[in-house]
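# Chains, contacts and geometry: an overview
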Amino acid sequence: MKGGYDHFMQKEIHEQPESLLQTMRGRVQFQRPAVGNPYLTQRIKLGGLVEHGATIRRCRRIVLVACGTSYHACLAARQTLEEMCEVPVSLELASDFLDRRCPIFRDDTCVFLSQSGETADTLRALEYAKAHGALCVGVTNTVGSAISRMTHCGVHLNAGYEIGVASTKAYTSQIIVITMMALQLAEDSIAKRERRDTIIDELGQLPGKVRRVLMLDSAMRDLAEHLRSVNSLLFFGRGYNYATVLEAALKVKEVALIHSEGMLAGEMKHGPLALVDKHMPIVVIATRDGMYKKMESVIQQLLARDAQLYIVCNENDEGMKQYEDRGCKLIQVPETVDCLQPVINIVPLQLLSYHLTVLRGLNVDQPRNLAKSVTVS
Ligand code: UD1
Ligand code: F6R
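A brief look at the structure comes next. Along each chain, the written sequence defines residue order, and numbers are assigned to residues from 1. Here chains are named by letter from A upward and ligands by number from 1 upward, in the order in which they appear as written. Per-residue local features are limited, in this predicted model, to residues with pLDDT of at least 70; the limit for side-chain atom pairs, both in listing and counting, is 80 or more; totals at the level of whole chains, interfaces and linings are taken over all residues. Excluded from the side-chain calculations are hydrogens and water; all other atoms, namely the structure's heavy atoms, are used.

Now for the sheet that holds strand β3 (residues 108-114). The criterion for strand pairing is that DSSP finds at least two bridges linking the strands in question. Strands are runs of DSSP state E lasting at least 2 residues, helices are runs of H or I lasting at least 4, and numbering of each runs from the N terminus. Taken together, the five strands give an open sheet; going across it, the order is β2-β1-β3-β4-β5, and neighbouring strands pair in parallel fashion. The open sheet has two edge strands, β2 (89-93) and β5 (153-156), and neither has a second partner. Taken over all neighbouring pairs, the strand axes of this sheet differ in orientation by 20 degrees on average, direction set aside. Pairing between β3 and strand β4 (residues 135-140): six bridges, direction parallel. Residue pairing in the sheet places S114 in a bridge with T140 of β4. Only heavy atoms matter for contacts: two residues are in contact if any of them lie within 4.5 Å across the pair. A fitted line through C-alpha atoms serves as each axis, taken over the contacting stretch for helices, and the angle formed by two N-to-C directions is quoted from 0 to 180°. Strand contacts of helix α4 (residues 68-85): β1 (61-66), β2 and β3, with the helix running at about 175 degrees to β2, the strand carrying the most contacts.

In this analysis a 1.4 Å probe is tested at points of a 1 Å grid over the protein atoms alone, and where it fits but cannot get out there is a cavity; an open set with protein on both sides within 12 Å along at least five of seven lines is a pocket; lining residues have an atom within 4 Å of a point. Grid points are joined across faces, edges and corners, and a volume is the space filled by probe spheres set on the points. Using the criterion set out here, one finds one cavity of 30 Å³ or more in the structure. Within this model, the largest cavity holds a volume of roughly 30 Å³. As for the largest cavity, its lining consists of R238, N241, I285, A286, T287, D289, M291 and M295. Split by residue class, the lining of the largest cavity holds four nonpolar, two polar and two charged. Side-chain classes are defined by residue name, with Ala, Val, Leu, Ile, Met, Phe, Trp, Tyr, Cys and Pro counting as nonpolar, Asp, Glu, Lys and Arg as charged, and the others, Gly among them, as polar.

Here we come to the layout of surface pockets. The volume enclosed by the largest pocket comes to roughly 560 Å³. Residue lining of the largest pocket: 28 residues in total, with C67, G68, T69, K372 and V374 positioned closest to the centre. Of all the secondary structure elements, the ones that give two or more residues to the lining of the largest pocket are α4, α5 (94-100), β3, α6 (120-131) and α11 (242-256). The residue inventory of the lining of the largest pocket, partitioned by class, reads twelve nonpolar, twelve polar and four charged. Volume-wise, the second largest pocket comes out at about 160 Å³. Lining of the second largest pocket is provided by Q42, I44, K45, L49, V50, G53, R57, Q184 and E187.

Throughout this document, a residue counts as near a molecule or strand when at least one of its heavy atoms sits within 4 Å of that molecule or strand. Around ligand 1 sit 13 residues, and of these R27, G138, T151, G154 and H156 come closest. In this structure, an oxygen atom belonging to ligand 1 sits 3.4 Å away from a main-chain N or O atom of G138. Within the backbone of C153, a nitrogen or oxygen atom sits 3.4 Å from a nitrogen atom of ligand 1. Using a 1.4 Å probe, the Shrake-Rupley method yields the accessible areas, and only the shown protein chains count as cover for residues. A total of 730 Å² of accessible area belongs to ligand 1 in isolation, and the protein chains cover 50% of it. Put simply, the parts of the chain that give the shell around ligand 1 at least two residues each are β4 and β5. Considering each element in turn, the shell around ligand 1 owes the most residues, four residues, to β5. The residue makeup of the shell around ligand 1, split by class, is four nonpolar, eight polar and one charged. For the purposes of these results, a polar contact is taken to be a pair of N or O atoms within 3.5 Å, where, inside protein, one atom must be able to donate a hydrogen and its partner to accept one; residues adjacent in sequence count only when each atom of the pair is a side-chain atom.

Let us look at the side chain of T151. For T151, the location among the structural elements is in the loop between α7 (146-150) and β5. Within the local environment of T151, its side chain forms a polar contact with the backbone oxygen of I147, the two atoms lying 2.7 Å apart. Setting aside anything within four residues of it in sequence, one finds T151 in contact with F112, L126, C136, V137 and G138.

In C-alpha cells form, the structure reads like this:
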C-alpha cells in the first residue's frame with residue numbers, strides 16, 4: 001500500500017508530480033492554440049463549473065471557506081482569483097465564519113474547500129451559506145462526500161486518496177484548482193490573455209518542476225538532522241508565500257511536534273522581531289517575485305540580529321549567494337510564475353517536517369491527538 005515508501009506522508013509528498021497531473025488531466029489544454037483559432041481563449045475547462053460560470057462571474061464577492069491546510073490553499077490562491085475575476089475575495093476559517101454568523105447574501109459565491117469533504121465546521125458553514133441563498137461551490141478530493149453532494153456545483157481534486165493525517169498532495173492540488181477556476185472565470189478577458197497563457201504554460205511545467213524539487217529530499221534530511229532538537233522554528237514570507245509559511249509551520253507543529261509559527265514578513269517589526277536572536281532558526285521564503293526586494297531587506301534585518309537563516313530561493317539566484325558567505329543555508333528551488341511558486345516552495349518544507357518527525361522517533365502518519373477527518377466541531 002505504501003508503494004515502497006516507509007510512510008504514507010512520505011509517499012504522498014513524492015506522489016505530487018502525478019497528483020498534480022491528475023488534477024489537471026482532461027481540464028487543461030497545454031498547447032497554445034494557433035492564432036485565429038475560435039477557441040483561443042478556452043484553455044481550461046472544469047466540467048463542474050461550466051453551468052454556473054456566468055453566475056459566479058456576476059457575483060458581488062467570492063467567499064472562500066475552509067479549515068487548516070485547506071484554508072492555507074485558499075490563502076495561496078486568493079490573489080490569483082482577485083486578479084482574474086476582479087471581485088472582492090474574502091477568506092474565512094469555517095469555525096470563525098460560524099461563530100460570527102458572517103453576513104451572506106444571495107449574490108455571494110461561497111467556495112468550500114475540504115480534502116475529505118466531511119469536515120464538520122466546513123459542512124455547517126455550507127448549510128448556513130446555502131440557507132442564506134448564496135451559490136455554494138465545493139472543492140473536494142472525495143467524490144460522494146457530504147460537501148460534494150450538498151454544494152450546487154464544484155470541482156473534484158482527483159489527487160487520489162490521501163491517507164497520512166498531515167495533508168500534503170491535496171494542498172498543492174487545491175492551489176491549482178482555485179487557480180484553474182480563476183483562469184476559467186476570466187476566459188473572456190482579452191486584457192488578461194497573455195497573463196493567463198503564461199500561467200497555463202507554467203501549469204504544464206509544474207509536475208516536472210515538482211519532480212525536480214523532490215530531489216532535495218536528502219538535503220532536507222540533513223537539514224532535519226541539524227534542526228531536530230530545536231525548541232522553536234519560525235517561517236517568514238509574504239505575498240503569495242504567506243500561505244507557504246503558515247502551511248510549513250502547521251506541518252512542523254502537527255507532525256514533528258515542534259513549536260512553529262508562520263509569520264507575515266510585513267508584520268515582522270510589529271512584534272515577531274523581538275523573538276529573534278542567534279538561537280532562533282528561521283526559514284525565509286525569498287523566491288523571485290514582486291516581494292523579492294522586500295524579502296531581501298527582511299533577510300538583512302534578521303541577519304543583523306544574528307538569526308540562523310535558511311533561505312528558500314530560486315536556482316541560479318546569484319543575488320542570494322552572498323548570504324551563504326554570511327552563514328545562511330540556501331534551499332534552491334526551480335522557478336515558475338509567481339502565483340504557482342507556492343506549489344513548489346512548500347515541497348522542501350513538507351520534506352523537512354517529514355524528516356524531522358522520523359528523526360525524532362514520532363508517528364508520522366498518525367500524530368498524537370489528531371484525526372484525518374474532523375467530523376465533530
Ligand atoms: C466528470 C467526471 C469524470 C469524467 C469527466 C468527463 C465524476 C465524479 N467526474 O469530471 O469522471 O472523466 O466528467 O468529462 O463523475 N461537484 C459538486 N461539488 C463538489 C465537487 C463536484 O457539486 O464539491 C459536481 C460538479 O459540479 C460536477 C460533478 O460534481 O457536476 C463532477 O465534478 P468533477 O468530477 O470535478 O467534474 P469533471 O472534471 O467534469
Ligand atoms: C493539516 C490537516 C488539517 C486539515 C483540516 C481540514 O495537515 O490536514 O489541517 O487540512 O482538518 O480538513 P479537510 O480539508 O478534510 O476539510
